[in-house]
Amino acid sequence: MSQTISEPVHRTARQIGGRIGAEFTDVDPLTLPLEEIVLALRRHKALVFRDAGLDDDGQLAFAARFGELTRAHPTVPSVDGRPDILPVRGEEGIRSNTWHTDVTFVRTPPKLSTLRALVVPPYGGETLIANTATAYRDLPRPLREFADGLWAVHTNDYDYAVPSTNAEKAAEYRRVFASRRYRTAHPVVRVHPETGERGLFIGGFAQKLIGLSGTESRDILRIFQSYVTRPENIVRVRWRPGDLVLFDNRITQHYAPDDYGDQPRVLHRVTVAGDAPAGVTGDRSYILEGDAAPHYTPARAA
């Protein structure tokens, strides 16, 4: 696969991490050939477009190059007048410093996510993105074989956002975030629908393993998650205003460190609709509680 990807990618992209991440500079993400972006994304999993020069309309247009868009979020309000854009505001006292893959508590999570920096703090406020395919390959063979047969329950009804300064505001955020409760069963090992790669499909929304107790689930998920967050599987994005990041939500996790005090940090997120994850046997995710979130994302593979 590397031979088919490397030639077009290295004309304009610079690899910035050993196992994940590449950077584009001095390019317009709206006019860069789509095939080149797709090939780079398959190889590097996360792409940074420095000083992309996009506004909200431009970010929407860029994301729409990859497919139909989702709404901003199943439960959290969008930017005013922009139903497809989620504001990510760190200065409000709620910090989502938990490793996660976006919106995995629904049956068809987004396939791609875009983040655009509007306001960044003078220090900290970076985004960490992890390659879950290399994490899976790092597992010893017995653990890989064990993971292949496991399914996890993902839900939005847990303490996803940690209160950093304001407990009352955190409680209100939790109420809104879980105002519609979703519980979905996903394979612990997801097969990427385009590359065939296997990746650990877990993260913060994965709260229990089917068929195991809560204690057993936490212990086992902690072991798998420790492979995802190994430093060699992570790229650290240092934001500048105007930067745009695109990452493959099907085979990555990300994390926003709470390390910038009370400084403002504002990003806008736009996501591309995805399908129902498939495990190594081909079986697809299924709903345990809630609905297919038709108000949020188009229905995909049954």
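Residues numbered from 1 in each chain as written. Predicted model: local features only at pLDDT ≥ 70, side-chain atom pairs only at ≥ 80, totals over all residues. Heavy atoms only, no water.

### Regarding the pairing of strand β10 (residues 183-187)
Quick reminder of the rule: Think of it in three bands: with a 1.4 Å probe and only protein chains considered, a residue is buried below 20% of the maximum accessible area for its type, exposed above 50%, and partly exposed in between. The helix count covers DSSP runs of H or I at least four residues long, the strand count covers runs of E at least two residues long, and both are numbered beginning at the N terminus. Here a strand pair is declared whenever DSSP counts at least two bridges between the two strands.
A large share of β10 lies buried, amounting to 4 of its 5 residues. As paired strands, strand β8 (residues 151-155) and β10 are joined by 5 bridges and run antiparallel to one another. Residue pairing across strands places H154 opposite T184, the latter belonging to β10. Sheet analysis places β10 next to strand β18 (residues 286-289), joined by 3 bridges and oriented antiparallel. Following the sheet pairing, T184 is matched in β18 by I287.

### Overview of the sheet that holds strand β13 (residues 206-209)
Here is the rule we go by: To get an axis, fit a line to the C-alpha atoms, keeping to the stretch in contact for a helix; angles then go from 0 to 180 degrees between the N-to-C directions.
Strand order across the open sheet formed by 4 strands is β13-β8-β10-β18, with antiparallel pairing between neighbours. One side of each edge strand has no neighbouring strand; the edge strands of this open sheet are β13 and β18. In this sheet, neighbouring strand axes are inclined to one another by 35° on average, regardless of whether the strands run parallel or antiparallel.

### Quick look at unusual backbone geometry
Of note, the phi angle at D51 is positive, near 45°, even though the residue is not glycine. Within the fold, D51 resides in the loop between β3 (46-49) and α3 (56-64). Taking relative accessible area as the criterion, D51 reaches 57% and is therefore assigned exposed. Positive phi values are uncommon outside glycine, yet V103 reaches one of about 55°. Considering the arrangement of structural elements, one finds V103 in the loop between β5 (94-95) and β6 (112-119).

### Thoughts on helix α2 (residues 34-44)
What α2 keeps buried is the set E36, I37, L39, A40, L41 and H44. Count one or two residues on from α2 and you reach K45, which has phi positive near 70°.

### A short note on the environment of W151
With respect to the helices and strands, W151 occurs in strand β8. C-alpha of W151 to C-alpha of G211: the two residues are 60 residues apart in sequence and 8.6 Å apart in space.

### Things to note about the packing of helix α5 (residues 141-148) against helix α7 (residues 214-228)
The description of two helices packed together rests on the angle between their axes and the distance between the axes. What counts, and what does not: Our angle categories are set so that under 35 degrees counts as roughly parallel, over 145 as roughly antiparallel, 65 to 115 as roughly perpendicular, and the remainder as oblique. By convention the crossing between two helices is left-handed if the near helix lies anticlockwise of the far one by an angle smaller than a right angle, and right-handed if it lies clockwise. The contact criterion used is simple: two residues touch if any of their non-hydrogen atoms lie within 4.5 Å. The nonpolar class holds Ala, Val, Leu, Ile, Met, Phe, Trp, Tyr, Cys and Pro. Asp, Glu, Lys and Arg form the charged class, and all remaining residues, Gly among them, are polar.
Where α5 meets α7, the closest approach of the two axes is 12 Å, and the angle between their N-to-C directions is 120°. It follows from the interaxial angle that α5 and α7 lie oblique. The interaxial crossing formed by α5 with α7 has left-handed handedness. For the pair formed by α5 and α7, the contact residues are L143, F146 and A147 on the first element and I220, I223, F224 and Y227 on the second. Looking at the contact of α5 with α7 residue by residue, the class counts come to 7 nonpolar, no polar and no charged.

### Quick look at the pattern of salt bridges
Which entries qualify depends on this criterion: The working definition used for a salt bridge is a side-chain nitrogen of Lys or Arg within 4 Å of a carboxyl oxygen of Asp or Glu.
On inspection of all chains with the given rule, the structure shows 26 salt bridges. With a shortest N-O distance of 2.2 Å, E126 and R236 are connected by a salt bridge. In this pair, E126 sits in the loop between β6 and β7 (127-131) while R236 sits in strand β14 (residues 234-237), placing the two residues 110 residues apart along the sequence. E126 gets classed as buried once you look at its relative accessible area, which sits at 13%. A salt bridge links D148 to R198, with the shortest nitrogen-to-oxygen separation between them at 3.1 Å. Within this pair, whereas D148 is found in helix α5, its partner R198 is found in strand β12 (residues 198-200), the two being separated by 50 residues in sequence. Classification of R198 as partly exposed rests on a relative accessible area of 34%. A cluster of three or more residues bridged by salt bridges with shared partners is formed by D157, R174, R181, R183 and E289.

### Side note on the confidence of the model for the chain
Fine structural detail should not be taken from predicted coordinates in areas where pLDDT scores are low. We apply this condition: Per-residue confidence from the predictor is reported as pLDDT, which spans 0 to 100.
Looking at the chain as a whole, its pLDDT mean stands at 92, while 92% of the residues score no less than 70. Counting contacts from residues 1-10, a segment whose pLDDT is below 50, to residues more than four positions away or on other chains yields 14 contacts.

### Considering the nonpolar core
Convention followed: Working definition of a nonpolar core: buried Ala, Val, Leu, Ile, Met, Phe, Trp, Tyr and Cys residues. They are joined through side-chain atoms within 4.5 Å.
Residues F24, I37, L47, F49, F62, F66 and L246 are the most contacted members of the largest nonpolar core, which totals 24 residues. In this view, F62 contacts P29, L30, I37, F49, L54, T114, L244 and L246; residues no more than four positions away in its chain are not counted. Judged by nonpolar contacts, the second largest core, of 21 residues, contains A147, A206, L209 and I234.

### Some words on the environment of E68
By the element assignment, E68 lies in the loop between α3 and β4 (86-89). By relative accessible area, E68 is classed as partly exposed at 48%. Residues E68 and E35, 33 residues apart in the sequence, show an inter-C-alpha distance of 17 Å. Residues in contact with E68, not counting those within four places in the same chain, are V272, A273, P298 and R300.

### Remarks on the packing of aromatic side chains
Here is the rule: Ring geometry is summarised as follows: Phe, Tyr and Trp rings, the Trp one being its six-membered ring, pair when their centres sit within 6.5 Å, and such pairs are stacked at plane angles under 30 degrees, edge-to-face over 60 and tilted between the two.
Applying the stated rule across the entire model yields 12 aromatic pairs. Between F105 and F205, the aromatic rings sit 5.1 Å apart at their centres with planes inclined by 75°, giving edge-to-face as the arrangement. Placement of F105 in the loop between β5 and β6 and of F205 in the loop between β12 and β13 is noted, with a sequence separation of 100 residues between them. Note on accessibility: F105 and F205 belong to one class, buried. Aromatic side chains F177 and F205 sit 6.2 Å apart centroid to centroid with 10° between the ring planes, which places their arrangement in the stacked category.

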